[in-house]
Amino acid sequence: MKTIVSAAALLAVSLFAIPAYAANLVLYTSQPNEDAQATVDGFMAANPDIKVDWVRDGTPKIMAKLQAEIQSGNPVADVLLIADMVTLERLKEEGELLAYKSPEASQYDATLYDANGYYYSTKLITTGIMYNTSAGMKPTSWKDLTKPEAKGLVTMPSPLASGAALIHAQTLAAVPGLGWDFYKSLAENGAIAAGGNGAVLKSVASGEKAYGMVVDYLPIREKAKGAPVEFVFPSEGVSAVTEPVGILARSKNAEAAKKFVDYVLSEKGQEGFLKLGYIPARNGMKLPEGFPARDTIEVLPVNAAEALKNTDQDLKTFSGIYGSN
């Protein structure tokens, strides 16, 4: 009898040793793997009763996966943290997002979130120019990439693979003096467009290419690690994606998803993004080391609803110039 009691007691202890989660939350995100894990770890530390499973890929691939699940009637994700407001604006218009008015919204500029609470920006990720320090030219303008000195030496992510690249193309296409003619001039100068931002970073850091269009935090991080790269905020201004967070309307864990939204918008959550090297979207926060003063960064405007309306045509225009990479 003593043996039986002891075994039962050991079983009870072992069961209590396993964390008892009140909810399992599924996050779909376009953050780099290490950043996604850091975000999830921070949230779970603040909410130990919620376990988070996450899936990471580029925004177009995440959306293709999500749309297939929606069409099958069984979306798996509860919450999204992906590249841009245009993508979430589309989901909002399709009735696929849940409206939630987070109490943290009061600490954000009204332009950075949906007025009805369907999505909220979490950071500012700008796209500028990176160059290898061995490059002959030190660019200061977008147009510098079309000069003879840059012929065959420029690379950029494709809007077909990167949500940030799509927003960047749509933003520059609306700038007088740039527009789609700028992209045509780049192509005529031998620029290539393929894959995502990570591939651009690798190509320029290795010296395979001298110049690249890329999101800010990648080269700034690599420079801090000793990579031979510099990052420039061009004189005409930069585009920005804001990696918004939104809850799926058919979430099976809506209350846990609301807690996730509140966390990433909170000061603690924003400090987590700051430590990862991002510009926090929340007012009153510091900038990461290596960034210039915030008031020196000119962020070019983009209208999410207009960009959404023009997306299919813009992708067709870009593909007509660079092919379907």
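Heads up: these notes are all about the structure in this document. It should be emphasised that the depicted structure is a prediction, and the values quoted were computed from it without experimental measurement.

Structural notes on the packing of aromatic side chains
The description of an aromatic ring pair uses the distance of the two centres, along with the angle that the planes make with each other.
Next up, step 1: Per the counting criterion, the structure on display carries ten aromatic pairs.
Next up, step 2: Ring geometry for F182 and Y183: centres 5.5 Å apart, planes at 70 degrees, overall edge-to-face.
Next up, step 3: On the basis of relative accessibility, which here comes to 1%, the residue Y183 falls in the buried class.
Next up, step 4: Here a set of aromatic residues connected by ring pairs shows up, and it is made of W180, F182, Y183, F318 and Y322.
Next up, step 5: Above the face of the F273 ring, K123 is positioned so that its terminal group lies 3.6 Å from the ring centre.
Next up, step 6: Lying over the aromatic face of Y278, K123 brings its terminal NZ or CZ to 5.1 Å of the ring centre.

Concerning helix α9 (residues 254-265)
Next up, step 1: With twelve residues, α9 extends 17 Å from end C-alpha to end C-alpha; this agrees with the ideal 16 Å at 1.5 Å per step.
Next up, step 2: Taken together, the buried positions of α9 are occupied by A256, A257, F260, V261, D262, Y263, V264 and L265.

A closer look at the pattern of salt bridges
Next up, step 1: Counting across every chain of the model gives twelve salt bridges.
Next up, step 2: Between E96 and R250 there is a salt bridge whose closest N-O contact spans 3.2 Å. On the criterion of sequence distance, the pair formed by E96 in the loop between α4 (85-93) and β4 (97-98) and R250 in the loop between β11 (245-248) and α9 is long-range, its members being 154 residues apart.
Next up, step 3: Overall, the relative accessible area of 37% leaves R250 in the partly exposed class.
Next up, step 4: Between R282 and E104 there is a salt bridge, with the nearest N and O atoms lying 2.9 Å from each other.

A closer look at the packing of α9 against helix α10 (residues 267-275)
Next up, step 1: The N-to-C vectors of α9 and α10 enclose an angle of 60 degrees; their axes lie 4 Å apart at closest approach. The pairing of α9 with α10 is recorded here as oblique in orientation. Along its contact with α9, which presents Y263, V264 and L265, the element α10 presents E267, K268, G269, Q270 and F273.
Next up, step 2: Its residues placed into classes, the contact of α9 with α10 shows four nonpolar, two polar and two charged.

Parameters and conventions
Residues numbered from 1 in each chain as written. Predicted model: local features only at pLDDT ≥ 70, side-chain atom pairs only at ≥ 80, totals over all residues. Heavy atoms only, no water. Phe/Tyr/Trp six-rings, centres within 6.5 Å; stacked < 30°, edge-to-face > 60°. Buried < 20%, exposed > 50% of the residue type's maximum accessible area, 1.4 Å probe, protein only. Lys NZ or Arg CZ within 6 Å of the ring centre and 35° of its normal. Helix = DSSP H or I, 4+ residues; strand = E, 2+ residues; numbered from the N terminus. Expected span 1.5 Å × (residues − 1). Salt bridge = Lys/Arg side-chain N within 4 Å of Asp/Glu carboxyl O. Axes fitted to C-alpha atoms, helices over the stretch in contact; angles between N-to-C directions. Parallel < 35°, antiparallel > 145°, perpendicular 65-115°, else oblique. Contact = heavy atoms within 4.5 Å. Nonpolar A, V, L, I, M, F, W, Y, C, P; charged D, E, K, R; others polar.

Interpretation in functional terms is not warranted from these geometric data alone.
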